[in-house]
Amino acid sequence: MVKGVILRQFHSLILLLFMLDAFANNTDIQPLRQLRPRLVHLYNWAQRTPDYNAIWDLCCDHGLLGLHLHQATTACGTHVHLVDQVEPIIDKLQTQYAHRQDGNLSICLTPAEHIRLAKQAKQLFIIAGVGGETVASIIQSILPAIQALPLGTHQQIDILISPNKHVFSLRRALQAMPFTLIEEEFVSDKGRHHEHMFLRYQPTAPTPPSEVGDALWLPATQDKRIYIDKLIKHYGALCHYSPTAFNQQALAAYQALKHKLFGE
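Engineer: In this structure, what is going on with the layout of surface pockets? I would like to understand it.
Structural biologist: Over the atoms, a rolled probe matching the size of one water molecule traces out where space is still vacant. Considering only enclosed or pocket space, the largest pocket measures out at about 340 Å³ in volume. Forming the walls of the largest pocket are 17 residues, and the residues nearest its centre are Asn164, Lys165, His193, Tyr227 and Leu231. Listing elements by their share of the lining of the largest pocket, those giving two or more residues are helix 6 (167–174), strand 7 (192–201) and helix 7 (222–241). Sort the elements by how many residues they give to the lining of the largest pocket and helix 7 lands first, with five residues. Across the lining of the largest pocket, the residue classes tally to seven nonpolar, six polar and four charged. What lines the second largest pocket is a set of 13 residues, and nearest its centre among them are Arg36, Arg38, Leu39, His62 and Asp189. If you list the elements that add at least two residues to the lining of the second largest pocket, you get helix 2 (37–46) and strand 7. The class makeup of the residues in the lining of the second largest pocket is three nonpolar, five polar and five charged.

Pasting the structure below:
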């Protein structure tokens, strides 16, 4: 009798473990978390070209943007790469989303400069959630691989960027790179403000972003005034302690922008 009870308990335990495993791997039970406004904006930009051959979500962090794009582009055969050089981040993604890794999703532990680009016509890179100097460094590191791709009438290499600071230095760096600004927009998300840029590789006669931006400031809003005031305060403090030519030029540029937009 005792043996029968133990056997039934053992079977119950096996059934419970089976159900827990099924629950953990059921994408219907565990849908992806919703994207916040900043990532929704990048997602919508990415969806403008539904037939990218490859999407590279660099510095992917929680991977949500790339995972949502993978979910949306499965029918198109787009290959989505989640890339980060931080091992715990990638380990967590590979464990948490193992059931989503099909032939069109890769989760890669590698620095951006080490990624290998396939010779595909349409590719998109997304760099978000890091500082502008890091964004510029990543773009510089992948540029040789982009330039090595065969030029063709259907080739399209796009980059979406959402830096969280040091945007002035990023814009300056982009002016020396072969990318044309397709669009720029000011995006607010829970009290934090971001300058988003949509760039396209253009090896001849590119039209890069300006030093402080143009179209993203229209219409002039209170949120934009607050954001510009913070930048003026930041560079004003830097000029006080470190009056370099760069800091003085940044301060003057944002002061001129505020005067242009708000007459102040």
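Engineer: What exactly am I supposed to notice about the pairing of strand 7 here?
Structural biologist: For a regular strand, the rule is simple: side chains alternate between the two faces of the sheet. The buried fraction of strand 7 amounts to eight of the ten residues, a majority that puts the element mostly inside the structure. For strand 5 (residues 156–162) and strand 7, the ladder comprises four bridges, and the chain directions are antiparallel. If you follow aspartate 158 over to strand 7, its bridge partner there is arginine 200. Here strand 6 (residues 179–189) runs beside strand 7; their pairing, made up of ten bridges, is antiparallel. Bridged to glutamate 185 within strand 7 is histidine 196. If you look at the hairpin formed by strand 6 and strand 7, you'll find two residues sitting between the two strands, and lysine 190 has a positive phi there, around 50°.

Engineer: When you look at the packing of aromatic side chains in this model, what are you seeing that I'm missing?
Structural biologist: One pair of aromatic rings is described through two measures. These are the centre distance and the angle between the planes. Evaluated as defined, the whole model comprises ten aromatic pairs. An angle of 45° between the planes, with centres 5.8 Å apart, marks the rings of phenylalanine 186 and tryptophan 217 as tilted. In this pair, phenylalanine 186 sits in strand 6 while tryptophan 217 sits in the loop between strand 7 and helix 7, placing the two residues 31 residues apart along the sequence. Take phenylalanine 186 and tryptophan 217: they sit in the same class, and that class is buried.

Cut-offs and rules
Residues numbered from 1 in each chain as written. Predicted model: local features only at pLDDT ≥ 70, side-chain atom pairs only at ≥ 80, totals over all residues. Heavy atoms only, no water. 1 Å grid on protein atoms, 1.4 Å probe; cavity = no way out; pocket = protein on both sides within 12 Å on 5 of 7 lines; lining within 4 Å. Points joined across faces, edges and corners; volume = space filled by probe spheres on them. Helix = DSSP H or I, 4+ residues; strand = E, 2+ residues; numbered from the N terminus. Nonpolar A, V, L, I, M, F, W, Y, C, P; charged D, E, K, R; others polar. Buried < 20%, exposed > 50% of the residue type's maximum accessible area, 1.4 Å probe, protein only. Pairing = 2+ DSSP bridges. Phe/Tyr/Trp six-rings, centres within 6.5 Å; stacked < 30°, edge-to-face > 60°.

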